[in-house]
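# An overview of the molecular structure
One-letter residues, chain by chain:
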Amino acid sequence: MSDLVAEVRDLRMSYGAREVLGGVGFTVRTGEVVAMLGPNGAGKTTTIEILEGFRMRSAGFVSVLGEDPAHAGERWRARIGVVLQSWRDHAKWRVRELLQHLGGYYARYGTPEIARPWPTDELLDLVGLTAHANARIGNLSGGQRRRLDVAIGIVGHPELLFLDEPTAGFDPAARREFHELVHRLTDTEQTTVLLTTHDLAEAERLADRVIILAGGTIIADGSPDELALRMSGHAEVRWTRDGQRYVHPTDQATKFTRELFAQFGESVEDLEVRRAGLEDTYMALVQEYEQ
Amino acid sequence: MSALKLGLARGGIEVRQALTYWPDLLQALFFSGLSILVLFLMRGHHVPGTTFSLGSLTLPSVIGMNIAVSGVTGVTALLVVDREDGTLLRAKATPGGMTAYVIGKITLTSATILIGLVLAMVVGLLAFPGLVVTAGGLLTLVWVVALGLLATIPLGILLGSLITDPRFIALIILPFSGLTAISGIFYPITHLPGWLQGIGQVFPMYWLGLGVRASLLPDSLRVVELDGSWRLGYVLLALAGWAAVGLLVAPPVLRRVARRESGSAVAARRERAMLRAT
C-alpha cells in the first residue's frame, strides 16, 4: 500500500471554452492536513469536487484512496467524508436521529482496523452537541449546524476528510473549538484532511502543507514555514529610541538588530522583530501572479 | 444494513415526522378534508336517473384522484425541495445513499397515500350511504392502489428530476386541475365530447378513479361508466403500462440529475433563491 491518499497529475477542467483548471498536480500523504488557498474563482472548489467524485474532469489523472473518483463505487464512498459550506438538509430530523441513521450506511464497510460507524453518543460528545441531541436540526444555530455537519462528515470514520471553508462565519471561540476538533481527528484517528479556506491564520494553524491556487494553476506548494521563508526578505524590525518610534523592513533581521544594538546600545527599547508570515507570502504570490 | 432496510427506516422516520409535526399534518389533511366535506354536502343529491347518492358516487373517484395527484406531485415536491436544500447531495455523499433515498421517498409517499385512503374509507363507510365493502371489492382495491402507486410515483420522480426551480412546483398543479376535469372525477366522463374522453383515458387518473369506483360501489352502478362496464382489464393494462414507462424512464433521469449534484451546484441554487427573496 502506498502512503499517498491522493494523487493528481495534469488535472484539467474546462466549461466550454473557459478553462478553470489548467494542469493541476499535487499529492496528499496519509495523515497530512493540506490546506488549499487561493482567490475566489481560482479553481479550489472545482478541484475538491473532482476529488470528492462529485464532478467529472475534462482531462488528467486523479487517484483518491487508490481509485479514480469518477468511477469509484460505494465502498470507496464509505472511506470519504465531506463537509460542505452550507448544508441545510434534513431540517425536520433530530440531531441524534440523523447521526444514528446515517451511521447505519457505514456499518457494512467496517474493517478490523477501522470500526464503522462512529458510535453516535461519542460523536455527539466529540462535536459538543450532546445537549442538543434531540433538537430539530432546523432549529440549530449556525455554529451548531456546522458542528453537526462535521459530525456527519466523520460518522463513517473516513480515511480522507474534505472540509470546504469549514469555519466561514464562525466566531473566534467557535473557530478555536473547531481547530481543536481537527487536531484531535488528525492526531488520534490518523484522518487525512484536505481543506479549503480563506483564513490564512487557520491554514497556518491547521495545515502541514499549503497549496495555493490562482487562475487554475498551482502557484505554490509547501509547508506554511517553507512558504513564509520564501518571503524572508520581509521581516520587519520596530523599536523606540528617545521616545521616537522606528520601523525598518529588512531581509537580515538578526544582523540588523545586532548592528542596531552595537550602534545605540541601551537606548533601544520596545524591540519587536516580526517575520513575514503565510499571509505576506500569499499576498505577494497572488499579486505576482496577477501581474 | 441493506439499502432496502435503510430506505424503509428512512421512510418510517419521515412518516413519523409528517404525522407529529402539525403544520405538515394540517397541510396533508386540509385538501382531503375539504373535498370530503364538499362530498358530504353533496350526499343528498342523486345520480341522475337513479336513487344513488351523488356524494357516494364521487367519493371513490376522489380517492382515485388523490392517489394520482399525491403519487405524482407529492414526490415531485419532495425531490425538488430535497435538491434545493442539499438532502439529495447528502444521499449522494453517503455510501448506498441514493438507493435508500429513493426507497425512503417511495415509502413516505405510499404511506401518506395509504393513511389518507384508510381515513377516507372509514369516513366514507360511516357517513356515505351506498358504499359497499366486499372481499372481491377489497381485493380489487388492493391491486388498483398498488398499481396506482407504481404508475404515479415514478412519474413524480421523473418530474421532480426535470424541475430545477421550486417555483415551478405550483405550475404542475395546473395541468392536474385540467386533468381532473376530464378524468371523470367530479363530472362523468360519459358527458364529455369523444376527443376529451380519449385524452382523459390516456392518463392514470381516470383509471385510478374507475378502479376505486369498481371496488367500492355496488355493481349495478357500472351502467354510468363508459361501455356500461368497470373495464378492470383495461384498468390493469393502463396502470401497468404507465408503471412500466415510469420505471423505465425515471431511474436513468434521476441518476443523471444526481450525477450533476455538487456542493457548488447546491450553493448556486441557494444564491439564486436568495436573490429572488430580496
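Higher on the page you've got the structure.
Just so we're clear, the structure is a prediction, and the values are computed from it rather than from any experiment. (Residues numbered from 1 in each chain as written. Chains lettered and ligands numbered in written order. Predicted model: local features only at pLDDT ≥ 70, side-chain atom pairs only at ≥ 80, totals over all residues. Heavy atoms only, no water.)

## Some details on the overall build of chain B
Counting its secondary structure elements, chain B contains 11 helices and zero strands. Its helices and strands taken in sequence order, chain B reads α-α-α-α-α-α-α-α-α-α-α from the N to the C terminus. Against the 2.2 N^0.38 benchmark of 19 Å for 278 residues, chain B shows a C-alpha radius of gyration of 20 Å, consistent with a compact globule. Across its three principal directions, the C-alpha atoms of chain B cover 65 × 40 × 40 Å. Per-residue burial over chain B gives 49% buried out of 278 residues. Restricting the contact set of chain B to residue pairs at least 6 apart, pairs at least 24 apart contribute 75%. Computed over 20 positive and 11 negative side-chain charges, the inter-centroid distance for chain B is 5 Å. (Helix = DSSP H or I, 4+ residues; strand = E, 2+ residues; numbered from the N terminus. Rg over C-alpha atoms; globule rule 2.2 N^0.38 Å. Buried < 20%, exposed > 50% of the residue type's maximum accessible area, 1.4 Å probe, protein only. Contact = heavy atoms within 4.5 Å. Lys, Arg positive; Asp, Glu negative; His and termini not counted. Charge placed at Lys NZ, Arg CZ, Asp CG, Glu CD.)

## Observations concerning the environment of D89(A)
Looking at the secondary structure, you find D89(A) in the loop between strand 5 (80-83) and helix 3 (95-104). D89(A) sits 48 residues away from I137(A) along the chain, and the two C-alpha atoms are 8.7 Å apart. If we ignore the near neighbours within four places in the chain, the residues touching D89(A) are I137(A), R145(A), D85(B), G86(B), T87(B) and R90(B). Only 2.6 Å separates the side chain of D89(A) from the side chain of H90(A), close enough to count as a polar contact. (Polar contact = N/O pair within 3.5 Å; in protein donor to acceptor, adjacent residues only side chain to side chain.)

## Focus: the sheet that holds strand 4 (residues 59-64) of chain A
Residues and elements named next belong to chain A. Taken together, three strands build an open sheet; the order of strands is 2-1-4 and the sheet is antiparallel. Since the sheet does not close on itself, it has two edges, and those belong to strand 2 (18-29) and strand 4, each with one partner. On average, each strand axis in the sheet is tilted by 15° relative to the strand beside it, whichever way the strands run. In the sheet, strand 1 (residues 4-15) pairs with strand 4 via five bridges, with the strands oriented antiparallel. Across the sheet, the residue bridging to E7 is S63, located in strand 4. Helix-sheet contacts for helix 1 (residues 44-51) involve strand 1, strand 2 and strand 4, and the interaxial angle to strand 1 is about 120°. (Pairing = 2+ DSSP bridges. Axes fitted to C-alpha atoms, helices over the stretch in contact; angles between N-to-C directions.)

## Quick notes on the nonpolar core
Membership of the largest hydrophobic core comes to 59 residues, with the highest contact counts inside it found for I63(B) and L239(B). Looking at this core, the elements with two or more residues in it are helix 2 (22-42), helix 3 (54-85), helix 4 (87-93), helix 5 (97-127), helix 6 (135-162), helix 7 (169-181), helix 9 (204-216) and helix 10 (232-259) of chain B. Sequence-distant contacts of I63(B), defined by excluding residues within four places in its chain, comprise L117(B), A120(B), M121(B), V212(B) and L216(B). In terms of nonpolar packing, the next biggest core, distinct from the first, is built from 54 residues, L195(A), V210(A), L227(A) and L6(B) among them. (Core = buried A, V, L, I, M, F, W, Y, C linked by side-chain atoms within 4.5 Å.)

## Description of the sheet that holds strand 6 (residues 160-164) of chain A
All names here are of chain A. Taken in spatial order, the six strands line up as 5-6-7-3-8-9 in an open sheet, and their pairing is mixed. In this open sheet, the two strands that pair with only one neighbour each are strand 5 and strand 9 (217-222). Across this sheet, the average inter-strand angle for adjacent strands is 15°, counted without regard to direction. In this sheet, strand 8 (residues 209-214) lies alongside strand 3 (residues 33-37) in parallel orientation, the contact comprising four bridges. Looking at strand 8, one finds that L37 is bridged to I212. Along the sheet, helix 5 (residues 142-154) makes contact with strand 5 and strand 6, crossing strand 5 at roughly 165°.

## Looking at the side chain of S262(B)
Topologically, S262(B) is positioned in the loop between helix 10 and helix 11 (263-277). The residues touching S262(B), leaving out its near neighbours within four places in the chain, are E49(A), F54(A), R55(A) and L89(B).

## A few points about the side chain of T152(B)
Position of T152(B) among the secondary structure elements: in helix 6. On the accessibility criterion, T152(B) (1% relative accessible area) is buried.

## Describing the packing of aromatic side chains
Each aromatic ring pair is described using two quantities: the centre-to-centre distance and the angle formed by the ring planes. Tallied over the full model, the rule gives five aromatic pairs over all chains. Where W239(A) meets F256(A), the ring centres are 5.7 Å apart and the plane angle is 55°; that geometry is what we call tilted. One end of the pair, W239(A), is in strand 10 (residues 235-241); the other, F256(A), is in helix 9 (residues 253-264), and 17 residues separate them in sequence. One exposure class covers both W239(A) and F256(A), and it is buried. Look at F40(B) and F128(B): their rings are 6.0 Å apart centre to centre, the planes differ by 75°, and that puts the pair in the edge-to-face class. With F40(B) in helix 2 and F128(B) in the loop between helix 5 and helix 6, this pair connects stretches of sequence that are 88 residues apart. You can call F40(B) partly exposed: its relative accessible area is 29%. When its relative accessible area of 4% is taken as the criterion, F128(B) is described as buried. Aromatic ring contacts, followed pair by pair, group W239(A), Y246(A) and F256(A) into a single cluster. It is R9(A) that lies over the ring of F61(A); its NZ or CZ is 4.2 Å from the centre. Taking the ring centre of F264(A) as reference, the NZ or CZ of R241(A) above it sits at 3.7 Å. (Phe/Tyr/Trp six-rings, centres within 6.5 Å; stacked < 30°, edge-to-face > 60°. Lys NZ or Arg CZ within 6 Å of the ring centre and 35° of its normal.)

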